[in-house]
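Residues per chain are reported as follows:
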Amino acid sequence: MVSRTSARRAASATSTLISRPSQRGELSTIFIHPRNAPPSKSKTQPQNPIRKSLKNDHKINAHDALTEFDSMLQMQPPPSVSSFNTVLGTVAKAKKYKDLIFMFNRMCEVNLLPDYIGMNILINCYSELKRVGLSFAIMGGILKRGYNPNIVTFTSLIKGLCLENKIGDAVELLKKIIRLGIHPNVKTWGTLVNGLCRSGNAEVALRLHEEISNGNVGLGVKFKPSLIYYNTLIDGLCKEGLVEKGKELFLEMEGKGISPDVVAYGTLIHGLCIVGDWEKGKELFIGMVDRGIRPNVVTFNMLIDALCKEGKTNEASGLLDLMIRRGEKPDSITFNTLMDGYCLEGRIDDARDLFLSMAAKGQERDVVSYNVLINGYCKCRKLGEALGLFKEMLSKDYKPTAITFNILLTGLFQKGKVDDARELYSKMKDHDLTPNSATYSILLDGFCKNNCLEEAVELFRGLEKSGYKVDSLNCNCLLDGLCKAGKLDFATELFEKFPEMGMVPTLFTYSIMINGLCKDGQLEKANNLFLEMEKRGCAPDVVTFNTLMRGFCNSNDAPKVVELLQKMAERNFLPDAYTATIVVDLLSKDDSYSKYLELIPKFSNKA
DNA sequence: GTAGGGTTAG
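Definitions and cut-offs
- Residue positions are given per chain, counted from 1 along the sequence in the order it is written.
- The order in which chains are written sets their letters, starting at A; the order in which ligands are written sets their numbers, starting at 1.
- The predicted nature of this model means local features are confined to residues of pLDDT at least 70 and side-chain atom pairs, given and counted, to a pLDDT of 80 or more, with totals for whole chains, interfaces and linings taken over all residues.
- Calculation of side-chain values draws on the structure's entire complement of heavy atoms; hydrogens and water are dropped beforehand.
- Numbering goes from the N terminus for both helices and strands, where a helix is a DSSP run of H or I of at least four residues and a strand is a run of E of at least two.
- Each residue is placed in one exposure class: buried if its accessible area under a 1.4 Å probe, protein chains only, is under 20% of its type's maximum, exposed if it is over 50%, and partly exposed if it falls in between.
- The contact criterion used throughout is that any non-hydrogen atoms of two residues lie within 4.5 Å.
- The near set for a molecule or strand comprises every residue that places at least one heavy atom within 4 Å of it.
- Pairs of N or O atoms within 3.5 Å make up the polar contacts considered here, provided that, within protein, one atom can donate a hydrogen while the other can accept it, and that residues adjacent in sequence are counted only when both atoms are side-chain atoms.
- Classification used: nonpolar for Ala, Val, Leu, Ile, Met, Phe, Trp, Tyr, Cys and Pro, charged for Asp, Glu, Lys and Arg, polar for all others including Gly.
- Stacked, edge-to-face and tilted are the three classes for Phe, Tyr and Trp ring pairs, Trp counted by its six-membered ring, which pair at centre distances within 6.5 Å; planes under 30 degrees apart are stacked, over 60 edge-to-face, the rest tilted.
- For helices, the fitted line uses only the C-alpha atoms of the stretch in contact; every axis is such a line through C-alpha atoms, and the angle between N-to-C directions lies from 0 to 180 degrees.
- By the definition adopted for this analysis, an angle is roughly parallel if under 35 degrees, roughly antiparallel if over 145, roughly perpendicular if from 65 to 115, and oblique otherwise.
- If you view the pair so one helix is near and one far, a crossing is left-handed when the near helix is turned anticlockwise from the far one by less than a right angle, and right-handed when it is turned clockwise.
- The salt bridge criterion pairs a side-chain nitrogen of Lys or Arg with a carboxyl oxygen of Asp or Glu, the two atoms within 4 Å.
- Candidate patch residues must exceed 30% relative accessible area and have no salt bridge, after which like charges are joined if within 9 Å and Val, Leu, Ile, Met, Phe, Trp or Tyr side chains if within 5 Å.
- For every accessible area listed, the method is Shrake-Rupley and the probe measures 1.4 Å; residues are considered covered only by the protein chains on display.
- In this tally Asp and Glu are treated as negative and Lys and Arg as positive; neither His nor the chain ends contributes.
- Here the site of a charge means atom NZ of a Lys, CZ of an Arg, CG of an Asp or CD of a Glu.
- Every residue gets a pLDDT, meaning the predictor's confidence in that residue, from 0 to 100.
- The length a helix should cover is 1.5 Å for every residue beyond the first.

S.K.: Outline the overall build of chain A, supporting the account with residue identities and numerical values.
M.R.: Each helix and strand counted, chain A has 34 helices and 0 strands in total. The buried share of chain A, reckoned over its 607 residues, is 47%. Long-range pairs, those at least 24 residues apart, make up 63% of the contacts in chain A with a sequence separation of at least 6.

This is how it looks when you write it as structure tokens:
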């Protein structure tokens, strides 16, 4: 058991980690118990038949729980606070967090303060809503009320920190509770592993896994990984392209007597599809079915998506028929995925037909269905149709998202309709939508590419002033615009400001700058930047090589091009079609260049 | 009674 003092110490340790929120009004109803109104705890609770069924019937949904909650509030005498936890838990499981907060507020209004289980539910709720500051405040309330935060409390806090991208803080919090003698369990580790994976640190997660498996972390408590824990880690590894590691973990799990389920198989199949190993994915899928594990709608959706991305929409459509025959009901994701596949292939009419047939096939469309089709129309430059669909969705009361606007803005800029783009952008706030990073990148890029560089700069400066934290993607858009407009001085100035703006130049940033410098005839600077990016741990790709080689080629510096070609070959980079145009150009300039080209070792055929 | 996992659109 966790001693009260250690839990309190952990709590005070965390309060230095996270600043306390200022939303006192919102919380006071939960924290401060009104005087002379202790929580009722009658021993003779009236047994409510609905509540009984809540416990026994797993199919009870959040709606029934809310109804039950209302009737519980009406009871005289009121039921015990703890008896509310079942209904709260049901609504929490359904992820109806807004409803949950409403319920807690209602309880507080009638002087029913949640017990520490209820407060744990509330902490998890705020963490899920990415309001971890409030989560910590509720934990303060747990202490104030004389309860102990337990490992469930801390696991929810760690999740909240992870969801707000505060992985460092999450790790620190975990270290602190371990030092204080609170033992993390497999769910705590799973939460952290998930947080690490989702923030692009799958390899760190893997190292952590090795450490805890070896008993190096966790105060000598035997670590028992679970199926879900393994699935989390395998998924994280696969999403970063480390499918081989994922496979190893899959086998390790089986070696420990944990049988993979439909999720484990699905995760690994998805991973194989991501790296393009469709054959192995198929093999695994067959193996799974042979083992008697039924693919479900998610499995089918992933397979349909993989086929679509491979351009095999007919096979994907066949899979939709197969799942229906097998009695697996397709959901909106199934239809949206296939529609997007058709759009990617330019089969916009097939996408439209599927869109129109959804209702008849027993599946209502959703916002994503509209987004997919609008995007399809934008991509084949049928802006009229796209805008028509947008109007239709509004008239049918579908709520557009920032993505809807981003899709349409992209389409409008691509067609040079800057005025329409401006007008649409101004309408976002009418729909209670906040532009996101992608919106700003689209605007910056769109203005730059439509001869409105001034407006892009103006927008960028406005963003900086507004306190919005511009990211490297936003900057890359403006950098590219500045470079292409020949404003190398301004571009260089912005590029050099990256560190003080808290940004790390990406591969794209370097390629944009190298391209700009080359076009401006500043080849030495371009070459230096190329060398610098390597030093800073940003490996150039084929595009970077091509960009620089094109620059040297245009300034007739054949030896430099050859040198770069050799470097590419050393790294087993396969030249692409663009590389070929450079070589051809070089040869056509002067026959004598061919003597340099003989020096190039053969490119390996290894992909 | 409360905490952890796989799928779609920009």
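Read on, since the account is not over.
S.K.: I'd like a rundown of the protein's contact with DNA strand B, residues and numbers included.
M.R.: Around DNA strand B, 52 residues are found, and the nearest of them are Arg-198, Ser-226, Asn-231, Asn-301 and Asn-406. In DNA strand B, the atoms that sit within 4 Å of the protein are 39% sugar and phosphate, with bases accounting for the remainder. Measuring from a base oxygen of DNA strand B, one finds a side-chain N or O atom of Asn-120 at 2.6 Å. Between Thr-155 and DNA strand B, the recorded distance is 3.2 Å, taken from a side-chain N or O atom to a base nitrogen. Across the surface near DNA strand B, the residue classes tally to 17 nonpolar, 23 polar and 12 charged.

S.K.: Describe in detail the packing of aromatic side chains, supporting the description with residues and values.
M.R.: Under the definition given, this model contains 14 aromatic pairs. Between Tyr-116 and Tyr-147, the aromatic rings sit 5.8 Å apart at their centres with planes inclined by 40°, giving tilted as the arrangement. Remark: Tyr-147 occurs in the loop between α8 (132–144) and α9 (151–163) and Tyr-116 occurs in helix α7 (residues 116–128); sequence separation between them is 31 residues. The exposure class assigned to Tyr-116 is partly exposed, which follows from its relative accessible area of 31%. For Tyr-147, a relative accessible area of 26% gives the class partly exposed. A centroid spacing of 5.6 Å and a plane angle of 80° characterise the contact between Phe-390 and Phe-405, whose relative ring orientation is edge-to-face. Highlighted residues: Phe-390 in helix α22 (residues 383–395) and Phe-405 in helix α23 (residues 402–414), separated in sequence by 15 residues. As far as burial versus exposure is concerned, Phe-390 and Phe-405 are alike and both buried.

S.K.: Break down the side chain of Thr-439 for me, citing the residues and quoting the values.
M.R.: Within the fold, Thr-439 resides in helix α25 (residues 437–449). Polar side-chain contacts of Thr-439 include one of 2.8 Å to the side chain of Asn-406. When sequence neighbours within four positions are dropped, the list of residues in contact with Thr-439 reads Asn-406, Leu-409, Tyr-425 and Met-428.

S.K.: Requested: an account of the packing of helix α15 (residues 262–274) against helix α16 (residues 278–290), with residues and values cited.
M.R.: Two numbers describe how α15 lies on α16: the axes approach to 8 Å, and their chain directions differ by 165°. Judged on the interaxial angle alone, α16 and α15 are roughly antiparallel. When you trace α15 past α16, the crossing you get is left-handed. Every residue of α16 that contacts α15 at Val-262, Tyr-265, Leu-268, Ile-269, Leu-272 and Cys-273 is listed here: Trp-278, Lys-280, Gly-281, Leu-284, Phe-285 and Met-288. Taken together, the residues of the contact of α15 with α16 break down into 10 nonpolar, 1 polar and 1 charged.

S.K.: Could you give me a rundown of the pattern of salt bridges, with the residues and numbers involved?
M.R.: Tallied over the entire structure, the rule returns 27 salt bridges. Across the pair Lys-396 and Glu-392 runs a salt bridge, and its minimum N-O distance is 3.6 Å. Looking at Lys-396, the relative accessible area reads 46%, which means it is partly exposed. Arg-422 serves as the salt-bridge partner of Asp-419, at 2.6 Å between the closest nitrogen and oxygen. Taken together, the residues Asp-419 and Arg-422, both in helix α24 (residues 418–426) and 3 residues apart, mark about one turn of the helix. Here the salt bridges share partners, and the residues they tie into one network are Glu-345, Arg-347 and Asp-350.

S.K.: Give me a negative patch on the surface: which residues, what numbers.
M.R.: A cluster of like negative charges, contributed by Asp-489, Glu-493, Glu-496 and Asp-520, occupies part of the molecular surface. Within the element layout of this structure, Glu-493 appears in helix α28 (residues 488–496).

S.K.: Kindly report on unusual backbone geometry, identifying the contributing residues and their values.
M.R.: Going from Gln-76 to Pro-77, the amide bond is cis rather than trans, its omega being -5°. Along the polypeptide, Pro-77 turns up in the loop between α4 (62–74) and α5 (85–93). Positive phi, normally seen in glycine, also occurs at Lys-130, with a value near 60°. Assignment of secondary structure puts Lys-130 in the loop between α7 and α8. Phi angles above zero are rare outside glycine, and Asn-572 is one such case at about 60°. You can see Asn-572 is positioned in the loop between α32 (558–570) and α33 (577–589).

S.K.: Any details on the environment of Ile-407? Residues and values, ideally.
M.R.: Assignment of secondary structure puts Ile-407 in helix α23. Expressed as a C-alpha distance, the spacing of Ile-407 and Ala-386, which sit 21 residues apart in the sequence, is 9.5 Å. Every residue in contact with Ile-407, bar those within four places of it in the chain, is listed here: Asn-371, Ile-374, Asn-375 and Cys-378.

S.K.: Describe the confidence of the model for chain A, listing the residues and the values that go with them.
M.R.: As a general rule, the predicted coordinates of low-pLDDT regions are not to be interpreted in detail. When pLDDT is averaged along chain A, the result is 86, and 87% of the positions lie at 70 or above. Ignoring residues within four places in sequence, the model shows residues 11–59, a span with pLDDT below 50, making 78 contacts including any to other chains.

S.K.: Tell me about the packing of α24 against α25, and please be specific about residues and values.
M.R.: For any two helices packed against each other, the geometry comes down to the angle between their axes and how far apart the axes lie. Direction vectors running N to C along α24 and α25 enclose 160°, while the axes themselves pass 11 Å from each other. Judged by the inter-axis angle, α24 sits roughly antiparallel to α25. For the pair α24 and α25, the crossing hand works out as left-handed. Contact with α24, carried on its side by Val-418, Arg-422 and Tyr-425, involves Thr-439, Tyr-440, Leu-443 and Phe-447 of α25 and no other residues of that element. Residue classes in the contact of α24 with α25 are distributed as 5 nonpolar, 1 polar and 1 charged.

S.K.: Explain α25 to me, using residue names and the numbers behind them.
M.R.: With 13 residues, α25 ought to run about 18 Å at 1.5 Å a step, and its terminal C-alpha atoms sit 18 Å apart, in line with that. Taken together, the buried positions of α25 are Thr-439, Tyr-440, Ser-441, Ile-442, Leu-443, Leu-444, Gly-446, Phe-447 and Cys-448. Capping the start of α25, Asn-436 holds a side-chain oxygen 3.1 Å from the backbone nitrogen of Ala-438, two or three residues further along. The positive-phi residue at the C-terminal boundary of α25 is Asn-451, with phi of around 60°.

S.K.: An account of the environment of Val-543 is requested, with residue identities and associated values reported.
M.R.: Residue placement: Val-543 occurs in helix α31 (residues 542–554). In the structure, Val-543 is positioned 32 residues away from Pro-575 in sequence and 9.6 Å away in space, judged by C-alpha atoms.

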